[in-house]
Amino acid sequence: MPAPGENMRINGDRLWDSIHEMAEIGPGIAGGNNRQTVTDEDGEGRHLFQRWCEEAGLTMGVDEMGTMFARREGTDPDALPVYVGSHLDTQPTGGRYDGVLGVLGGLEIIRTLNDLGIKTKHPIVVTNWTNEEGTRFAPAMLASGVFAGKHDLQWAYDRTDAKGLKFGDELERIGWKGEEKVGDRKMHAFFELHIEQGPILEAEGKDIGVVTHGQGLRWIQCTVTGKESHTGSTPMPMRKNAGRGLALITELVHEIAMKHQPNAVGAIGHIDIYPNSRNIIPGKAVFTIDFRSHLMEVIDAMLNEFNERAPKLCEDIGVTLETEIVGQFNPPAFDKNCVAAVRNAAERLGYSHKDIVSGAGHDACWINDVAPTAMVMCPCVDGLSHNEAEDISKEWATAGADVLFHAVVETAEIVE
Ligand code: HGY
Ligand code: MN
Ligand code: MN
């Protein structure tokens, strides 16, 4: 099948303008975004995306997890569609590009095909996956996980946020609980454009990351239980301080990850301490460990060491530890043909590129289990993400979307 001509490019200015119009919805307090999943702001962003899709002549489908599928017809109605997308939900102190670049990069492909009057054999479907971030409702990649058969729909609906609200109720409240059965859609392929969220591409002066693999992840939610008592009058030997358990485990997680450098990361990002009063010994600490590696044996080794050492650390200071795995996926290896389509596109377009492993998790990591999948990455400034100061250049966004355009359109097969 003919690949798109090297002169075929997306409209970088239009993409850039759309990204920043979306960024006005759910603004953060420091220039980024707070458009958390199934909040009113998420709903507003969805409506804007839907309007743009309708203006581009797309038909919208929404499934029971609220994932949005905007379809451009192909010439062969029986051909499985090529899907392209990412997520519009953000972290509470998120950036303007994480996820949004991939959804609006997909929309830009449609807008460009319309401009050029190009038809493809396979339909193309631009996708906004619900709750990729997993910060308000764990785990991350919740909707794509249900789509790939990793989570049961009702289990997903019953996930609760810090205020005890249920995901399914919130999805219904914002009016985005669709009718389509999750996972019924079959894909010819799936492509996702995403900022790297790490320092490698910028440091090496590369325009494009050709993502061959991703890290696997384990989120271990820990509950350390001690005893609330007066910080002034309780003798030190009598204390059962859950805060010490948190501190010892925080250090243990770091020590374990450092043992497996450069193939591992580990930290604790979510922490709730109770009752969180200045003059009460903490009786309870609830927190989530995030272990990752692209090597399964390293993930297993980190979990084993943690399970051996953490209970003893807590026992020695008179507190108890309960753990629950609240998020997990194994290291994905993306589809070689789709990865080659990305690499060839970068080559054809004259963009510098390198093969890379994704440090962050993405919806593509789950979709890779049910369809041939690959990712395109662009650099981000100082590798910073999950921070309101997250930043990219228009050139990087344009290069990433150009490569995405060529990989998707080549796979969808241009009809002369
Ligand atoms: O956690 C992740 O890797 C993704 O950014 N949700
Ligand atoms: Mn993301
Ligand atoms: Mn993210």
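Not measured: the values here are computed from a predicted model.

**As for the coordination of the manganese ion (ligand 2)**
Within the protein, His87 (NE2), Asp98 (OD) and His194 (NE2) serve as the donor atoms for the manganese ion (ligand 2), at 2.1 to 2.2 Å. We note that the donor set of the manganese ion (ligand 2) lies within a single chain, spaced as H-x10-D-x95-H. Separating the manganese ion (ligand 2) from the manganese ion (ligand 3) is a gap of 3.4 Å, bridged by aspartate 98, which donates to each. Note that histidine 87 is positioned in the loop between strand S3 (82-86) and helix H3 (100-116) and histidine 194 in strand S6 (residues 189-195), a separation of 107 residues in sequence. Each of the two residues, histidine 87 as well as histidine 194, counts as buried.

**Here's the deal with the coordination of the manganese ion (ligand 3)**
At the metal site, the manganese ion (ligand 3) is ligated by Asp98 (OD), Glu133 (OE), Glu133 (OE) and His386 (NE2), and these contacts range over 2.1 to 2.5 Å. Here the donor residues of the manganese ion (ligand 3) are spaced in sequence according to D-x34-E-x252-H.

**Some words on the packing of aromatic side chains**
Counted by the stated rule, this structure contains eight aromatic pairs. Ring geometry for phenylalanine 69 against tyrosine 83: centres 6.0 Å apart, planes inclined by 85°, an arrangement best described as edge-to-face. Of this pair, phenylalanine 69 sits in strand S2 (residues 68-72) while tyrosine 83 is found in strand S3, placing the two residues 14 residues apart along the sequence. Considered together, phenylalanine 69 and tyrosine 83 belong to a single accessibility category, that of buried residues. A centroid spacing of 6.2 Å and a plane angle of 40° characterise the contact between phenylalanine 69 and phenylalanine 147, whose relative ring orientation is tilted. Pair noted here: phenylalanine 69 is in strand S2 and phenylalanine 147 is in helix H4 (residues 142-147), with a separation of 78 residues, a long-range link. A relative accessible area of 0% places phenylalanine 69 in the buried class. Taken together, Phe69, Tyr83, Trp129, Phe147 and Phe190 form an aromatic cluster joined through their ring pairs.

**Brief notes about the site of ligand 1**
Taken together, the neighbourhood of ligand 1 is formed by Glu132, Glu133, Arg292, Ala360, Gly361 and His386. A distance of 2.6 Å separates an oxygen atom of ligand 1 from a polar atom in the side chain of arginine 292. Contacts to ligand 1 include histidine 386, whose side-chain N or O atom sits 3.3 Å from an oxygen atom. Taken by itself ligand 1 offers 210 Å² of open surface, and the protein chains cover 94% of this. Residues belonging to the shell around ligand 1 are distributed by class as follows: one nonpolar, two polar and three charged.

Criteria and thresholds
Residues numbered from 1 in each chain as written. Chains lettered and ligands numbered in written order. Predicted model: local features only at pLDDT ≥ 70, side-chain atom pairs only at ≥ 80, totals over all residues. Heavy atoms only, no water. Donors = N, O, S within 2.8 Å, 3.2 Å for Na, K, Ca; no water. Helix = DSSP H or I, 4+ residues; strand = E, 2+ residues; numbered from the N terminus. Buried < 20%, exposed > 50% of the residue type's maximum accessible area, 1.4 Å probe, protein only. Phe/Tyr/Trp six-rings, centres within 6.5 Å; stacked < 30°, edge-to-face > 60°. Near = heavy atom within 4 Å. Polar contact = N/O pair within 3.5 Å; in protein donor to acceptor, adjacent residues only side chain to side chain. Areas by Shrake-Rupley, 256 points an atom, 1.4 Å probe, with all protein chains shown as cover. Nonpolar A, V, L, I, M, F, W, Y, C, P; charged D, E, K, R; others polar.

Spatial relationships are all this shows, so hold off on functional conclusions.
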